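Breakdown of the fold
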Amino acid sequence: LPYPDIDTTTSSYKDGTDRKDEQYGYYREWALPIFQQIQLEENDHENIEIVILGLDVRDQQSAELTNTGLAFAMGSILTVFLIMWWHLSSLFLACIAMLQIILSFPFAYVIYRYIMFVTFFDTLNTLVIFLILGVGADDVFVFMDAWVQSGHFVKKRKDGDEEKWLIERMDFAY
C-alpha cells in the first residue's frame, strides 16, 4: 500500500513504488519522531519492549547508532593521539605512530576478507578499531621505553663512533 500523504485514508500515490523516495521521506518524517518518543518511554517503563519491523525505521536507527559509534571511535583516536604526544614528547613521533596505526586498518581488513575469506562483517567486528588502537599505541610505548633504557645499558663507544653507538642502541631496543 502507498503511504498516505494527505490524511490517513487518502493518498496521491498509485502504489508503494510510485515516487518511492518521496513516500519514504514522508514516512520517515512521520515514523521517526514516534519511534524516538517510544524509545524514551521504554527507558521509563520496564514492561515495554520495542520491536523494529519497518525497514526505514531500522535503517534510521542503524544510521544513528553508526554515527554515535563513529563519534566515539574518532574521540578514541584523538585521545590515543594526545596521550602518545604527551608520552613521547614529540608531535612528529606521535603523528608517525598514529599514521602507522591507522594504516594498519586496511591491511587487517585485507587479511580478514581476502586472505582468510571471511565475508561476514557485523557491528561487533567494528570493535577491532579499539583493539588495533590499543595494541598499536602499546607497541609505540614499549618501543620508546626500550629506546630510553638502551641509553642506560648501551654505553658510549670508546672510539667515539656515534653512528655505531646508535645502531647498538637500536639493536638493544628492538
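Nothing here was measured: the structure is a model prediction, and the numbers come from that model.

**Thoughts on the packing of helix α3 (residues 91-115) against helix α4 (residues 128-153)**
The description of two packed helices rests on the angle between their axes and on the distance between the axes. As a packed pair, α3 and α4 sit with axes 10 Å apart at the nearest point and diverge in direction by 140°. By the angle between their axes, α3 is oblique relative to α4. The crossing of α3 and α4 is right-handed. In this structure, α3 uses Leu93, Ala97, Met98, Gln100, Ile101, Ser104, Phe105 and Ala108 to contact α4, whose residues at the interface are Val128, Ile129, Ile132, Leu133, Gly136, Ala137, Val140 and Met144. Looking at the contact of α3 with α4 residue by residue, the class counts come to 13 nonpolar, three polar and no charged.

**Observations concerning the confidence of the model for the protein**
Averaged over all residues, the pLDDT of the protein is 82; the fraction at 70 or higher stands at 90%. Mean pLDDT in the protein bottoms out at helix α1 (residues 20-44), which sits at 76, and peaks at α3, which reaches 92.

**Some remarks on the pattern of salt bridges**
For the coordinates displayed, the defined rule picks out four salt bridges. Residue Asp159 pairs with Arg157 through a salt bridge whose shortest N-O separation is 3.2 Å. Ionic contacts of the salt-bridge type, sharing partners, join the residues Arg157, Asp159 and Glu168 into one network.

**So, the packing of α4 against helix α5 (residues 162-173)**
Look at α4 against α5: their axes get within 8 Å of each other, and the N-to-C directions meet at 130°. Here α4 is positioned oblique relative to α5, judged by the angle of their axes. As α4 runs across α5, the sense of the crossing is right-handed. Residues Phe143, Ala146, Trp147, Val148, Gln149, Ser150, Gly151 and Phe153 of α4 form the contact with α5, whose participating residues are Leu166, Arg169, Met170, Phe172 and Ala173. Here the residues of the contact of α4 with α5 sort into nine nonpolar, three polar and one charged.

The rules behind the values
Residues numbered from 1 in each chain as written. Predicted model: local features only at pLDDT ≥ 70, side-chain atom pairs only at ≥ 80, totals over all residues. Heavy atoms only, no water. Axes fitted to C-alpha atoms, helices over the stretch in contact; angles between N-to-C directions. Helix = DSSP H or I, 4+ residues; strand = E, 2+ residues; numbered from the N terminus. Parallel < 35°, antiparallel > 145°, perpendicular 65-115°, else oblique. Left-handed = near helix turned anticlockwise from the far one by under 90°. Contact = heavy atoms within 4.5 Å. Nonpolar A, V, L, I, M, F, W, Y, C, P; charged D, E, K, R; others polar. pLDDT = per-residue confidence, 0-100. Salt bridge = Lys/Arg side-chain N within 4 Å of Asp/Glu carboxyl O.

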